[in-house]
Amino acid sequence: MTLSVFLLNTAFAQRTFYGTVEYTYEITGPEAAMMAMMMPQKMVIQYGKSGMSTSMEGGMMSGMLGRMVVNSKTNETFSIKDSEKAVYMMDNGEVEKAQKAVDGQVDKPEKLSETADILGYTCQKYRVLTKTPQGNLEQFIWATDELAVPDMAMPDNPAMGALNLGVDGMPLKVEIALPGTSSKMIMLASSIDATEPDENLFVRPESYKVKKFSDLMPAGMGF
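Residues numbered from 1 in each chain as written. Predicted model: local features only at pLDDT ≥ 70, side-chain atom pairs only at ≥ 80, totals over all residues. Heavy atoms only, no water.

> What am I meant to see in the environment of K184 here?
Relative to the helices and strands, K184 resides in strand β13 (residues 184–193). Look at K184 and you get partly exposed, because its relative accessible area is 38%. Sequence separation between K184 and I27 is 157 residues, and the spatial gap between their C-alpha atoms is 5.7 Å. Excluding residues that lie within four positions of it along the chain, K184 makes contacts with E26, I27, T28, E175, I176 and A177. (Helix = DSSP H or I, 4+ residues; strand = E, 2+ residues; numbered from the N terminus. Buried < 20%, exposed > 50% of the residue type's maximum accessible area, 1.4 Å probe, protein only. Contact = heavy atoms within 4.5 Å.)

What follows is the structure in structure tokens.
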């Protein structure tokens, strides 16, 4: 399966959020133990006025991807791997191609009647279907219209998965039935910090060696 399993979107007049959101992961079902080795235990997303940084903690995926960065000022998307002192750059053409592919695979979100309180925010529940080679990927998303992620060009970031799926506001919980398995993945916001991050977080280190992003991803995984 691809890594297009998550989303973030903005809408009308919500308060634009600059700060840090932490999410925890949980895998349920008979394949949970095996899949937990690959999946991270936590994802940290930091939003600033000039970019977005996404990092994983735990699991094989965190070591594979490094820290993913979108810089809206330079229109660059890249992964920083401090252990290698390397930056893996995405080609803009590949980014656009990936986003167009995602746009054609995602059905219009279905707004459900259920809501939930998460970290003090009222979240509306949505159902979204995404077409994948393994079949339809069903997602349930709880999003709050009290917050909006910064309005920036955000591609189909492999650390994030499919973006801009059309729900209203910032997702604080995502539940995914993993195609080809009997398992589910649940991603839940565990903390929200409105402290604006240092803008240097979104700048690629000049001393690091620049490599192609395709060299980072194992053959067949794609983004």
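That was the structure; now back to the text.
> Can you help me understand the packing of aromatic side chains in this one?
For any pair of aromatic rings, geometry is given as the distance between the ring centres together with the angle between the planes. This model, assessed by the stated rule, comprises one aromatic pair. Sitting over the ring of F140, K125 keeps its end group 4.8 Å from the ring centre. Residue placement shows K173 over the ring face of W142; its charged tip is 4.4 Å from the ring centre. (Phe/Tyr/Trp six-rings, centres within 6.5 Å; stacked < 30°, edge-to-face > 60°. Lys NZ or Arg CZ within 6 Å of the ring centre and 35° of its normal.)

> Got a minute to help me understand the confidence of the model for the protein chain in this structure?
Regions with low pLDDT carry predicted coordinates that are not meant to be interpreted in detail. For the protein chain, the mean per-residue pLDDT works out to 79, and 74% of the residues sit at or above 70. When pLDDT is averaged over each helix and strand of the protein chain, the minimum, 61, is found for helix α3 (residues 92–105) and the maximum, 95, for strand β8 (residues 110–118). Below a pLDDT of 50 lies the segment residues 1–13, which in the model reaches 61 contacts outside its immediate sequence neighbourhood of four places, other chains included. Under a pLDDT of 50 for its full length, residues 219–223 has, in the predicted model, nine contacts with residues more than four places off or in other chains. (pLDDT = per-residue confidence, 0-100.)

> How do you make sense of unusual backbone geometry when you look at a structure like this?
In terms of backbone geometry, most residues other than glycine have negative phi values and most peptide bonds are trans. The backbone of K85 sits at a positive phi, close to 50°, despite the residue not being glycine. Tracing the backbone through its elements, the reader meets K85 in the loop between β6 (76–81) and β7 (86–89). A residue is classified by how much of its surface remains accessible, and K85, at 53% relative accessible area, is exposed. The phi angle at L119 is positive, at roughly 55°, despite the residue not being glycine. Relative to the helices and strands, L119 is located in the loop between β8 and β9 (121–132). By relative accessible area, L119 is classed as partly exposed at 42%.

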